[in-house]
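Coordinate analysis (summary)
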Amino acid sequence: MNKPLIVGEDNPFDSDPRYALFPYSLASSGGRLCAILGLCEARYLREFDRANLCRRTWNLTEARASARRILRQRRRVLVLLGEKVACAFFGEYEAFSVGNLLGTSIVMLPHPSGLNRAWDAEHSARRARAALRKVGVL
């Protein structure tokens, strides 16, 4: 069975897909996501595949094409980070929601950037972990 895929926007620092949402530091989106999920870096890297929809900067056309390619992979679980990512896939976004599309479980989480205020809300990390547990992850 394939690993859950965490999908982000882009990586302005490195277009190498191996470094998508990589936990370079606690200040990176990947590092913050590790902390939110309560995982060490090794477990995060071992248990999740990671991808960005765009190589360097956000481009909706590129993002939608990448989203279509990802959907064709027939993943067991997709974790979509943020409104822009969710909208590239489905045109709508609801934070902490869980759904299913043709056998693929979809979890929508706020983007873990340091700018996203959704993570400042009380219990947001707990809601994220609960959503992932609901689809058999964590």
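The structure we're discussing is the one just above.
Just so it is clear, the structure is predicted and the values come from calculations on it, not from any experiment.

Considering the nonpolar core
- In this structure, I6, L37, Y44, F48, V79, L81 and L109 are the most contacted members of the largest nonpolar core, which totals 21 residues.
- Elements with a minimum of two residues in this core: α1 (29-37), β3 (77-81), β5 (104-109) and α5 (124-134).
- Top contributing element to this core by residue count: α1, with 4 residues.
- Excluding anything up to four places from it in sequence, L81 contacts I6, V7, G8, L21, L33, L109, P110, H111 and P112.
- Judged by nonpolar contacts, the second largest core, of 16 residues, contains V7, C54, A88 and M108.

Comments concerning the sheet that holds strand β1 (residues 5-8)
- The strand order across the open sheet built from 5 strands is β2-β1-β3-β5-β4, with neighbouring strands paired in mixed fashion. Since the sheet does not close on itself, it has two edges, and those belong to β2 (49-52) and β4 (97-101), each with one partner. If you compare each strand with its neighbour and ignore which way they point, the axes differ by 25° on average.
- Of the strand pairs in this sheet, β4 and β5 are connected by 5 bridges, and their pairing is antiparallel. Across the sheet, residue S97 finds its bridge partner in β5, namely M108.
- Those strands touched by helix α4 (residues 83-90) are β1, β3, β4 and β5, and its axis lies near 130° from that of β3.

Regarding unusual backbone geometry
- Phi angles above zero are rare outside glycine, and R74 is one such case at about 55°.
- Inspection of the secondary structure puts R74 in the loop between α3 (60-72) and β3.
- Backbone geometry at H123 places phi at a positive 75°, although glycine is not the residue there.
- Tracing the backbone shows H123 in the loop between β5 and α5.
- Assessed through its relative accessible area of 40%, H123 is described here as partly exposed.

So, how was this worked out
- Residues numbered from 1 in each chain as written.
- Predicted model: local features only at pLDDT ≥ 70, side-chain atom pairs only at ≥ 80, totals over all residues.
- Heavy atoms only, no water.
- Core = buried A, V, L, I, M, F, W, Y, C linked by side-chain atoms within 4.5 Å.
- Buried < 20%, exposed > 50% of the residue type's maximum accessible area, 1.4 Å probe, protein only.
- Helix = DSSP H or I, 4+ residues; strand = E, 2+ residues; numbered from the N terminus.
- Contact = heavy atoms within 4.5 Å.
- Pairing = 2+ DSSP bridges.
- Axes fitted to C-alpha atoms, helices over the stretch in contact; angles between N-to-C directions.

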